[in-house]
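Take a look at the letters that make up each chain.
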Amino acid sequence: MKTKFLIVALIAFVSFTTAQNDKRLKGMEKHFNAVLESTKAPGFAVAIVEGDKIIYAKGFGYADYENKIPVDANTLFAIGSSTKAFTSALLGILQEKEQLSLDDSPLKYVPDLRFYNNEMNNNIIIKDLMRHSTGLPRHDGAWYFFPSHNKDSLVARMQYQEPFTGVRQQWYYNNFAFLLQGVITEKITGESWEKNIEDKFFKPLGMTRSKTMIDGMKNGTNTAFGYRLDDDRNIKKMDYYDIAGMSPAGSINSSVNDMSKWLMTWINKGKYGETQIIPEAYIKEAMSSQMVVSGGLPNDEMPDVQFANYGYGWLLHSYKGHYMVEHGGNIDGFSANVALYPTDSLGIVVLSNQNGSAVPRLIRNIAADHMLKVTKTEWAKQHKEDLEKALKAMEDTKDVDKSGNVKGTRPSHTKIDYTGSYEHKGYGKFNIALENDSLFATLNGDKIYLNHYHYDTFELLDYTEGKVDTTQIGNSLKVTFTTNVTGDIDFLKADLEPMTDAIAFKRTPKSLDVDTKTLEQYVGTYDLMGTEVKAYIKDGNVLYVFVPGQPEYELIPTALHKFNFKVLEGFKIEFLETDGTIDQIKFIQPNGTFVAKKKVD
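Residues numbered from 1 in each chain as written. Predicted model: local features only at pLDDT ≥ 70, side-chain atom pairs only at ≥ 80, totals over all residues. Heavy atoms only, no water.

Focus on the packing of helix α8 (residues 175-189) against helix α9 (residues 193-205)
1) Next: The N-to-C vectors of α8 and α9 enclose an angle of 80°; their axes lie 9 Å apart at closest approach. Considering the angle they form, α8 stands roughly perpendicular to α9. Contacts between α8 and α9 involve G182, T185, E186 and T189 from the former and W193, E194 and N196 from the latter.
2) Next: Looking at the contact of α8 with α9, its residues break down into 1 nonpolar, 4 polar and 2 charged. (Axes fitted to C-alpha atoms, helices over the stretch in contact; angles between N-to-C directions. Helix = DSSP H or I, 4+ residues; strand = E, 2+ residues; numbered from the N terminus. Parallel < 35°, antiparallel > 145°, perpendicular 65-115°, else oblique. Contact = heavy atoms within 4.5 Å. Nonpolar A, V, L, I, M, F, W, Y, C, P; charged D, E, K, R; others polar.)

Right, dumping it as structure tokens:
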């Protein structure tokens, strides 16, 4: 048995060595290194697959830039949204087993699911989730700034996420649609999405280094760190981002050697070796046009791009006359691209540890030019020239104030009035607090400084190790506070989704802890223009008021002698004192302010 394994391993090694000497690849690495230099990327890995063979697999640069630890073909990278094809393929398997139909409503499998309106509830089918045709925009702030490990709680947010168009009217990328696919898989199989991915793909394909959660990167060996370029194009390390419950949309970490097996499966009609991993019928459907991404004729700049469509978890294009199926991936510090050329039995995967990087696209195109024997484009040179033009344009306009900032304005309220909790049911909840005369928000465990911009608009600046990142001033996310008719801050609005109106987070003032003895001074009967209003304590330590003909109202303490009505927006009470004794109630409400005098027993 050991001898047989040794022979198989030796054959594989000889085949791989021969492939590395493929004449089509001559001169390719020179262009790879030119990309590494021009992009200032820490590192990347690339693998090329043809048929059922790895033609080429190699790492460039560093997985750990500070310690100069090199990348190799087994180095783990985050593949981001290249995960999506895995998630949709699980549904393809379930369809083959007749456990669902892609024409079914997702509500059939997730009974508590609701979308924003009845048009969506009645018309969205599973295919719409797979091809980005639900009518929803991205709403990425809802998971990026407010992550949760509970997939069901994330799905529940979709009911409050506004669409920007009708169902199947326009293609628009949406990560929540792929989260929902993962949840459907979980409901049908009774197993987590993570376990389904491992059992249906990683294990049968021998993707032994691949992981579905960030812990695989944090605690693994031969893993890459993520990096970005700062404003001065210096390489800076980034923290790993835990995508948490949004895992079906982009949590897989893998190496190019492991991903090569995934490519082979798609190239060979769903088979890996003699095993049918993915149904052949699904492979054809997933790599066929299901939704038009954008229209338009080829132009002078891109004469070879004949179409831009979407399948299931795959983008579809033409590349120099060849049918191309691909998907990128971006998550903090990492960029990826997985590409198939089905009619050429060719696959290319590029994984990079640079944030928002052009590296995967450039390396993919260089490799494709060599393998497809087409006219070669000087991709590295072209990118360098484009980059130099962009940097010059930025330099020429750096002193131009495009912010629209109105100088010399002040907030309409004192800082304490902006504190409280803010919530949007489609996004999440966060707090704003006052510390040493400064306003701070807490988002996903990160402390954010609110810097006054103008009027009631503030900008959010990173705050780490006791310091505000002042380099972000003028370029960071702006939020605007609004007031209700009684003058209270009622909402914080942020342009988190460009396809809809600003996302409005409702404010709830922070309630104070007031002991029973303090509350007792407010208890009594008050005369409101001949009507007796009663204030009393019940439920242990809660103050209520009762107006005849109306329900009793619970009061929430917000400041000394000040209370908000728990269930009425814009209604509040202030108790007034004379010579240290409470003797009046002031009712402040949208239709006016009314004062009631306390009766003396």
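Okay, back to it.
Observations regarding the layout of surface pockets
1) Next: Taken as a whole, the second largest pocket spans an internal volume of roughly 900 Å³.
2) Next: R507, P509, K510, T558 and N564 are, among the 39 residues lining the second largest pocket, the residues nearest its centre.
3) Next: Elements supplying a minimum of two residues to the lining of the second largest pocket: β16 (420-424), β17 (428-435), β23 (489-494), β24 (503-508), β28 (553-559), β29 (562-565) and β30 (572-578).
4) Next: Considered class by class, the residues forming the lining of the second largest pocket number 16 nonpolar, 12 polar and 11 charged. (1 Å grid on protein atoms, 1.4 Å probe; cavity = no way out; pocket = protein on both sides within 12 Å on 5 of 7 lines; lining within 4 Å. Points joined across faces, edges and corners; volume = space filled by probe spheres on them.)

Remarks on empty space enclosed by the protein
1) Next: Applying the stated criterion to the full structure yields 1 cavity of 30 Å³ or more.
2) Next: When its volume is computed, the largest cavity comes out at roughly 130 Å³.
3) Next: If you trace the largest cavity, you find 14 residues lining it, with F430, L443, L460, L477 and V479 closest to the centre.
4) Next: Here the residues of the lining of the largest cavity are counted per class, giving 14 nonpolar, no polar and no charged.

A closer look at unusual backbone geometry
1) Next: Phi angles above zero are rare outside glycine, and S345 is one such case at about 50°.
2) Next: The phi angle at K373 is positive, at roughly 55°, despite the residue not being glycine.
3) Next: Tracing the chain through its elements places K373 in the loop between α14 (359-372) and α15 (379-397).

Looking at α9
Counting along an α-helix, one turn takes 3.6 residues, and residues three or four places apart therefore face a common direction.
1) Next: With 13 residues, α9 extends 17 Å between its outermost C-alpha atoms, agreeing within 8% with the 18 Å of an ideal straight helix rising 1.5 Å per residue.
2) Next: Approximately 35° is the largest bend angle found in α9, and it occurs at D199.
3) Next: Elements in contact with the buried residues of α9: α3 (84-96), α7 (151-156), α8, α11 (247-250), α12 (256-267) and β8 (271-272).
4) Next: Taken from the residues just after α9, G206 is the one with a positive phi, measuring 70°. (Expected span 1.5 Å × (residues − 1). Bend = angle between axes of the 7 residues up to and from the residue.)

Looking at the packing of α3 against α9
For any two helices packed against each other, the geometry comes down to the angle between their axes and how far apart the axes lie.
1) Next: At a minimum axis separation of 10 Å, α3 and α9 run at an interaxial angle of 75°. Put simply, α3 runs roughly perpendicular to α9. Only W193, N196, I197, K200, F201 and F202 of α9 make contact with α3, whose side of the interface consists of F86, T87, A89, L90 and I93.

A short note on the pattern of salt bridges
1) Next: Counted under the stated rule, the structure contains 25 salt bridges.
2) Next: The salt bridge partner of K320 is D369, with a shortest N-O separation of 3.1 Å. Placement of K320 in the loop between β12 (315-319) and β13 (322-331) and of D369 in helix α14 is noted, with a sequence separation of 49 residues between them. D369 carries the same exposure label as K320, and that label is buried. (Salt bridge = Lys/Arg side-chain N within 4 Å of Asp/Glu carboxyl O. Buried < 20%, exposed > 50% of the residue type's maximum accessible area, 1.4 Å probe, protein only.)

Section: the nonpolar core
1) Next: Core analysis: the largest hydrophobic core is formed by 109 residues, its most contacted members being F86, F201, W262, W266, W314 and F481.
2) Next: Contact partners of F201, with chain neighbours within four places excluded, come to F86, A89, L90, I93, N196, M207, W262, I277 and I278.
3) Next: A41, I348, I366 and M371 belong to the second-largest nonpolar core, a separate cluster that totals 30 residues. (Core = buried A, V, L, I, M, F, W, Y, C linked by side-chain atoms within 4.5 Å.)

As for the pairing of strand β15 (residues 346-352)
1) Next: Burial runs high along β15: 7 of the 7 residues are buried.
2) Next: Residue alternation in β15 divides its side chains into two sets, L346, I348, V350 and S352 and G347, V349 and L351, and both sets are buried.
3) Next: Here strand β1 (residues 43-50) runs beside β15; their pairing, made up of 7 bridges, is antiparallel. When the bridges of β15 are listed, A45 appears paired with L351.
4) Next: Bridge count between strand β14 (residues 334-341) and β15: 7 bridges; the pairing is antiparallel. Within β15, the position partnered with A339 by the bridge is I348. (Pairing = 2+ DSSP bridges.)

Regarding the packing of aromatic side chains
1) Next: Applying the stated criterion across every chain, the model contains 43 aromatic pairs.
2) Next: Ring geometry for Y62 against Y65: centres 6.4 Å apart, planes inclined by 70°, an arrangement best described as edge-to-face.
3) Next: We classify Y62 as partly exposed; its relative accessible area is 30%.
4) Next: Positioned above the aromatic ring of Y62 is the side chain of K68, whose terminal nitrogen or guanidinium carbon lies 5.5 Å from the ring centre.
5) Next: One residue, K237, lies across the ring of F225, its end atom 3.6 Å from the ring centre. (Phe/Tyr/Trp six-rings, centres within 6.5 Å; stacked < 30°, edge-to-face > 60°. Lys NZ or Arg CZ within 6 Å of the ring centre and 35° of its normal.)

Description of the sheet that holds strand β25 (residues 524-528)
1) Next: Judged by pairing direction, the barrel is antiparallel, and its 8 strands sit side by side in the order β25-β26-β27-β28-β29-β30-β31-β32 before closing back on the first. The sheet shows a mean angle of 35° between the axes of neighbouring strands, direction not considered.
2) Next: Relative to strand β32 (residues 592-598), strand β31 (residues 581-589) runs antiparallel, the two being bridged by 6 bridges. Bridging across to β32, Q584 finds its partner in K597.

Describing the pairing of β16
1) Next: Counting buried positions over the 5 residues of β16 gives 4, a clear majority of the element.
2) Next: With 5 bridges joining them, β16 and β17 adopt antiparallel strand pairing. For S421, the partnering residue across the bridge sits in β17 and is N431.
3) Next: Where β16 hands over to β17, the hairpin turn is made up of 3 residues, counted between the paired strands.
4) Next: Alignment of β16 against β24, held across 3 bridges, turns out to be antiparallel. Looking at the pairing, S421 lines up with T508 of β24.

With respect to the sheet that holds strand β3 (residues 69-70)
1) Next: With respect to topology, 9 strands assemble into an open sheet ordered β3-β2-β1-β15-β14-β13-β12-β11-β10, the strand pairing being antiparallel. Of all the strands in the sheet, the pair left with one neighbour each is β3 and β10 (291-294).
2) Next: Pairing analysis gives 5 bridges linking β12 to β13, with the strands arranged antiparallel. Its bridge partner lying in β13, L316 is registered against V325.

Things to note about the confidence of the model for the protein
1) Next: Counting all residues, the mean pLDDT for the protein is 92, and 95% of those residues have values of 70 or more.
2) Next: With pLDDT under 50 throughout, residues 1-19 is counted as low confidence; its partners more than four residues away or in other chains account for 7 contacts. (pLDDT = per-residue confidence, 0-100.)

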